Amino acid sequence: MDTIRALIADDEAHLREYLESQLKAVWPELRVVARAANGIEALRMIDEEAPAVVFLDIRMPGLTGLDVAAKLVDSPKPPHIVFVTAYDQYAVEAFEHSAVDYLLKPANIERLEKTVAKLKARLKPASAEGAVPAAALQALLAQLAVAAPVAPPSTAPLQWIRASHGEETRLIPIDDVIYFQSNDKYTSVFVADGESLIRTPISKLREQLDEQQFWQIHRSVIVAARHVAGTRQDFRGRLMVQLKGRPEQLVVSRNYVDLFRGM
C-alpha cells in the first residue's frame, strides 16, 4: 500500500507521541503529517494537509473531536476518522463494526492492529467493504446524536449582502465582493473600500452563491473568481491566490487545489 497521510489530534503531547510510536510499529506506511493540540488546530491542519486518516481525541479544548467530525461531513474529501478517548461512556461497542473506529487510551498494539486493518480495507480503491468517508461520518454522527445541519436549497444565487460596518449597516451588491473569510463567530466580507461583517457561516453562505462566480479555496475562504489574478507557491509549498489590485494573498488548502490545475 502507498504512503498514507495522517493527523493526530490530542491535547496531551505525550499521548500524541505514544499513539504515533504505536502506529509506526503496526503501520510503517503511515506518515503522520500533522499533530494538533486542540480541535481548532485540527481543522486548520486538516484543511492544509488533507490527511486520509485522522485520529481525534474526543475531549479537546476549543472544539471537541465530535465537533471537528461534524464540520468535516461537508468537506469535498472527508478523511476516515478514528476517535480516541480515555472515557468509555460513548458506547464503544456501537463502533466495533463501523466504517470508522473508536479506541480507548492508551491503545495497545493488538487493538490498534484491528483498527489499522479496518482502515486499510476502506482505503482500497473501490472497496466493497466500507462506505465512503462522508457516509461513514454521517452514520457515526447519527449514532452519537450529533446532527449535521442541513440547509434548505436556495432558489437563486444571492444578489445582496446585508453587513455591519462599524456603527452602520451596509447593503453590498454581491458583484462588489472580493472574498469572504470566516473569523470565529462572524464572516468578513471584503470589498474594495474595506471589510464588513455578517453572521452567516461560510458553509451556509456557499450554498447561496453562484459556484461559477465564487470559488471556495479553503474551509474559511470563498473568493470571487473575477478578482483572481493568478496563483503562486510560497516557501512552504502552499498554493497562494493572488488578487487583482490587492496586496493580500489567500491560502488554498489541499482539498481545493484542483480548482487551479493548469493555471
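Since we're looking at a predicted model, the values are computed, not measured. (Residues numbered from 1 in each chain as written. Predicted model: local features only at pLDDT ≥ 70, side-chain atom pairs only at ≥ 80, totals over all residues. Heavy atoms only, no water.)

> I'm lost on helix α2 (residues 39-49) in this one. Help?
In an α-helix, one full turn covers 3.6 residues, which means residues spaced three or four apart are oriented alike. Within α2, the full set of buried residues consists of Gly39, Ala42, Leu43, Met45, Ile46, Asp47 and Glu48. Here the buried face of α2 lies against β1 (4-9), β2 (30-36), β3 (53-57), α3 (65-72) and β11 (214-218). Positioned one or two residues after α2, Ala50 has a phi angle of 50°, which is positive. (Buried < 20%, exposed > 50% of the residue type's maximum accessible area, 1.4 Å probe, protein only. Helix = DSSP H or I, 4+ residues; strand = E, 2+ residues; numbered from the N terminus. Contact = heavy atoms within 4.5 Å.)

> Looking at this model, I keep getting lost on the packing of helix α1 (residues 13-26) against helix α4 (residues 109-123). Mind explaining?
The relative placement of two packed helices comes down to the angle between their axes together with the axis-to-axis distance. Contact geometry for α1 and α4: axes closest at 10 Å, N-to-C directions at 65°. As summarised for this structure, α1 and α4 are arranged roughly perpendicular, according to the angle between their axes. Note that α1 runs across α4; the crossing there is right-handed. Residues Leu19, Gln22, Leu23, Ala25 and Val26 of α1 form the contact with α4, whose participating residues are Ile109, Leu112, Glu113 and Val116. (Axes fitted to C-alpha atoms, helices over the stretch in contact; angles between N-to-C directions. Parallel < 35°, antiparallel > 145°, perpendicular 65-115°, else oblique. Left-handed = near helix turned anticlockwise from the far one by under 90°.)

> Which parts of the structure should I look at to understand the UniProt feature "modified residue: 4-aspartylphosphate" (unreviewed entry) in the chain?
Following the UniProt record, one finds the feature "modified residue: 4-aspartylphosphate" (unreviewed entry) at Asp57. For Asp57, the position within the fold is in strand β3. By relative accessible area, which is 3% here, Asp57 ends up buried. Beyond its immediate sequence surroundings of up to four residues, Asp57 is in contact with Ala9, Asp10, Asp11, Gly65, Val84, Thr85 and Lys105. (UniProt positions renumbered as here; feature names shortened; annotations may be inferred.)

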